[in-house]
Amino acid sequence: MNNPNRPAETPGETVARLTLAEKAGLTTGAGWWHTTAYPDAGIPEVRLSDGPHGLRLQNDTRADHLGINGSAPATCFPPAVTLACTWDSDLARRVGDALARESLAHGVHVLLGPGVNIKRSPLCGRNFEYFSEDPLLSGVLGTAWVKGLQAQGVGASVKHFAANNQETGRMSVSADIDVRTLREIYLPAFHRVVTEAEPWTVMCAYNRVNGVHASQNPWLLTDVLRGEWGYDGVVVSDWGAVVDRARALAAGLDLEMPSSSGAGPARAVAAVESGELPEEALDRSAARVVALARKAAEHARPGAAFDAAAHHELAREVATRGAVLLKNDGALLPLDPAAAQRIAVIGEFARTPRYQGEGSSRVNPTRLEDALTSIVEAAPAAHVTFAPGFPVDAPDADAAALQEEALRAAESADVVVLFLGLPPSFESEGYDREHIELPEEQTRLLAAVVAVNANAVVVLSNGGVVRPAGWIDGVPAVLEGWLSGQAGGSATADLLFGRANPSGRLAETIPLRLADTPAYLAWPGENGHVTYSEGLFVGYRHYDARDMAVSFPFGHGLSYTTFAYADLRVVPDAGGLDVTVAVTNTGERSGHEVVQVYVAAPGARARRPVRELKGFATVCLAPGETQDVTVRIARADLAYFDTAAGTWLVEDADHRIDVGASSRDIRLTTTVPVDGDAYADQPDADSTVEVWLAHPVGGPAITALLGRVQKSMGDAYPQEGSSRQRMVANMRLSQLAGLPIVPLSFDDVQELVETVRSAAGTGREATS
Ligand code: BGC
């Protein structure tokens, strides 16, 4: 959309021709879903839309960010909770690709997703939109999704940066997190997506991080995101997350969304005019928006269409692959599709599916399947009866009568398939859950059903985990279907009747009780602060460190076949480790296995989790087939964040490699020695020159400084290896600065100390 008569100019040159007011206008949305355009200056608008599991295209007059108003029909893929349980990055990439095609067909340039926040507590109302309790799994899947989307020319918006792990107080609560935990748990998924997939935009969170709003946090948006990770795209606010437009611009927030009815631009102009905000900060952000707008225009494909039927099939594939068979005693599943059996389908969710979550991600599906219809179709010889069993979000309904009717159906059936789950009001964007129980009328119904017919299968529909410990012993088979998108009905029938083999693996631990969960005592905080006092010990890291029993561990999931692991080999090289294992399908059906590689450093100096997921691979094997599966672990992923050194360090220690089918089902183990990075305590003014030289950040800094000293001292500078040099190495840095013959000032020393300290800091000092 560049003016053809104008020679191509850089975004900076374009911005230089704008007035101050125009620049301020460019960095704030012109409406709910689009940016400001200046066609005469060759700056088109950018159209953005939610995300993440489908396109929620609204027009500006009926726009909202809470899922209230309708949107154009689009494929409703299963949300991230389900996609994550596939552990299949290629599938995530294909979903990204399909989402891009739908976006292009509707003229959308940026799709607002993926959400890679960590599931710190099962109570987070928005967990259905996030992938996992594990940063590696979240980051790998998020990266693949973004690559799939952007390869088609639609930009992603990885969100919500950062530490948006609860909905309670989400607009302002301060997530107070120590630096190591931030670095190792809450930032790595963002880091991976940013560095490996280069998303067009990053969306900042609503909340504060260590006291500073994410939307105006220079440490987060500039020091880490741009300085350390090299990000050069646009940082966009979550909708309405900007508190002070001038401070946000200064911190590196380029684009305020949606329109703030002129308030944001007016504040920016006033701040520049008063000297509070350097105009260069506004120019930088405006240039990034220009670059985004040009990229969006270049990739637009007016008139593009998408294949709705193919996307429905893809949604079905994800729903099938992401469902987790939690339990299958006596191989009750799969059911025989050819048998002339009486099947009682009980539960409103079989007829009225719970297939996505509430809030801004809500999609208006192109089609919607229900499991009841699909079951009837899948088992033509069966006699299927249905009873709703319980009310859903209807407090005045007669639960007792519904239960009576369901029991009559159960009594006379050969097998009961009971659809339980969370009513929509139990989980949503905007508020958190109060507990992790199924509604009482459902567990009461379940107990009554299994008392009259023990041949029962439970199919669950829920976005956040539910606690099975109170009822699961009474039922032989449980299929966790999560929120299964618009094609969940046929996916469920395929799994129940064995046309598909369950392959989902848990992306989050299912605890025995809420009180066992890592953040239980520090949730949801008070007086505007939530302290992440469990530190690194989130999800399985917590249960394993305390050696606690759980209902189902991270990574768990059964199949209709079985897999054997053999012949573990680890080949180290300078860049990491190749972990190879031979996996055999020892059963009678084809199936997917997810090979999970966990790493531990038991003798390490720093406190480390018992084991951490460092790689995984999904493989599909025919009965009897064996394949070597190789999982690459980058050396960087072996590191921990050392707060004293202010940097990532690989420890010089034996590392244990655990390969298994879940975090608690380790099949093979081996140990490899790893050459660590040089370690040094964080030096201060009183540390010796030797300690300074060994430090990863301080070393290069002091070497540069000593070079200057050497230049000015000439021959008087101690010779390499001389006793004088060794004496100097043993001197405190501040002592050296005190010597009249050494041209090193106390200010120089102070500067060095600051360099090391800010590398180690959380930005708390810099930002508050
Ligand atoms: C949500 C974002 C969403 C935005 C636009 C916000 O309330 O937190 O995830 O992309 O609205 O709808």
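Structure: above.
The following paragraphs examine the structure supplied in this document. Owing to the predicted nature of the structure, the values given are computational and were not obtained by experimental measurement.

## Observations concerning helix α20 (residues 698-713)
Each full turn of the α-helix corresponds to 3.6 residues, which orients residues three or four apart in the same direction.
Here is step 1: Taking 1.5 Å as the rise per residue, α20 with 16 residues should run 22 Å; its terminal C-alpha atoms sit 22 Å apart, in good agreement.
Here is step 2: Listed in full, the buried residues belonging to α20 are Gly-698, Gly-699, Ile-702, Leu-705, Leu-706, Val-709 and Met-713. For α20, the buried positions fall inside an angular range of 135° around the axis, keeping them on one side. Facing away from the buried side of α20 by more than 90 degrees, the exposed set consists of Pro-700, Ala-704, Arg-708 and Lys-711.

## Details of the pairing of strand β14 (residues 415-421)
Here is step 1: The buried count for β14 comes to seven of seven residues, which makes it a mostly enclosed element.
Here is step 2: Both faces of β14 are covered, namely the face carrying Val-415, Val-417, Phe-419 and Gly-421 and the face carrying Val-416, Leu-418 and Leu-420.
Here is step 3: Here four bridges tie strand β11 (residues 342-346) to β14, and the two strands are oriented parallel to one another. The residue of β14 that forms the bridge with Ile-346 is Leu-418.
Here is step 4: Each parallel crossover has a hand, and for β14 linked through helix α16 (residues 440-452) to strand β15 (residues 456-461) it is right-handed.

## Regarding the site of the ligand
Here is step 1: Every one of the 15 residues lining the ligand counts as a neighbour, but Asp-50, Arg-126, Lys-159, His-160 and Asp-238 are closest to it.
Here is step 2: A distance of 2.7 Å separates an oxygen atom of the ligand from a polar side-chain atom of His-160.
Here is step 3: Within the side chain of Glu-429, a nitrogen or oxygen atom sits 2.9 Å from an oxygen atom of the ligand.

## Some remarks on the pattern of salt bridges
Between side chains of opposite charge, a pair can form when the charged atoms approach closely.
Here is step 1: Taken as a whole and judged by the stated rule, the model has 51 salt bridges.
Here is step 2: Between Asp-637 and Arg-192 there is a salt bridge, and its shortest N-O distance comes to 3.1 Å. Of this pair, Asp-637 sits in the loop between β22 (626-634) and β23 (640-642) while Arg-192 sits in helix α7 (residues 188-197); the two residues are 445 residues apart in sequence, bridging distant segments of the chain.
Here is step 3: Among the salt bridges present, the one from Arg-316 reaches Glu-313, with a minimum N-O distance of 3.7 Å. Of the two residues, Arg-316 and Glu-313 are both situated in helix α12 (residues 308-322); the distance of three residues between them amounts to about one turn of the helix.
Here is step 4: Of the residues examined, Glu-313 reaches a relative accessible area of 41% and is grouped as partly exposed.
Here is step 5: When salt bridges that share partners are traced, they join Arg-126, Glu-129, Glu-167, Arg-170 and Glu-429 into one network.

Cut-offs and rules
Here, residues in each chain are numbered from 1, in the same order as that chain's written sequence. The predicted nature of this model means local features are confined to residues of pLDDT at least 70 and side-chain atom pairs, given and counted, to a pLDDT of 80 or more, with totals for whole chains, interfaces and linings taken over all residues. Water and hydrogen atoms play no part in the side-chain values, which are based on all heavy atoms of the structure. Numbering of helices and strands starts at the N terminus; helices are DSSP runs of H or I of at least 4 residues and strands are runs of E of at least 2. In this scheme, a helix's expected span is set at 1.5 Å multiplied by one less than its residue total. Think of it in three bands: with a 1.4 Å probe and only protein chains considered, a residue is buried below 20% of the maximum accessible area for its type, exposed above 50%, and partly exposed in between. What the arc measures is the spread of directions leading from the helix axis to the C-beta atoms. Here, a strand pair is defined by DSSP locating no fewer than two bridges between the strands. Crossovers are marked right-handed if the path from the first strand over the helix to the second runs clockwise, as seen with the strands pointing away from the viewer. A cutoff of 4 Å decides nearness: a residue is near a molecule or strand if any of its heavy atoms lies inside that distance of it. Here a polar contact is recorded for every N or O atom pair within 3.5 Å, except that within protein the pair must consist of a potential hydrogen donor and a potential acceptor, and residues adjacent in sequence are included only if both atoms are side-chain atoms. Note on definitions: salt bridges are taken to be side-chain nitrogens of Lys or Arg within 4 Å of carboxyl oxygens of Asp or Glu.

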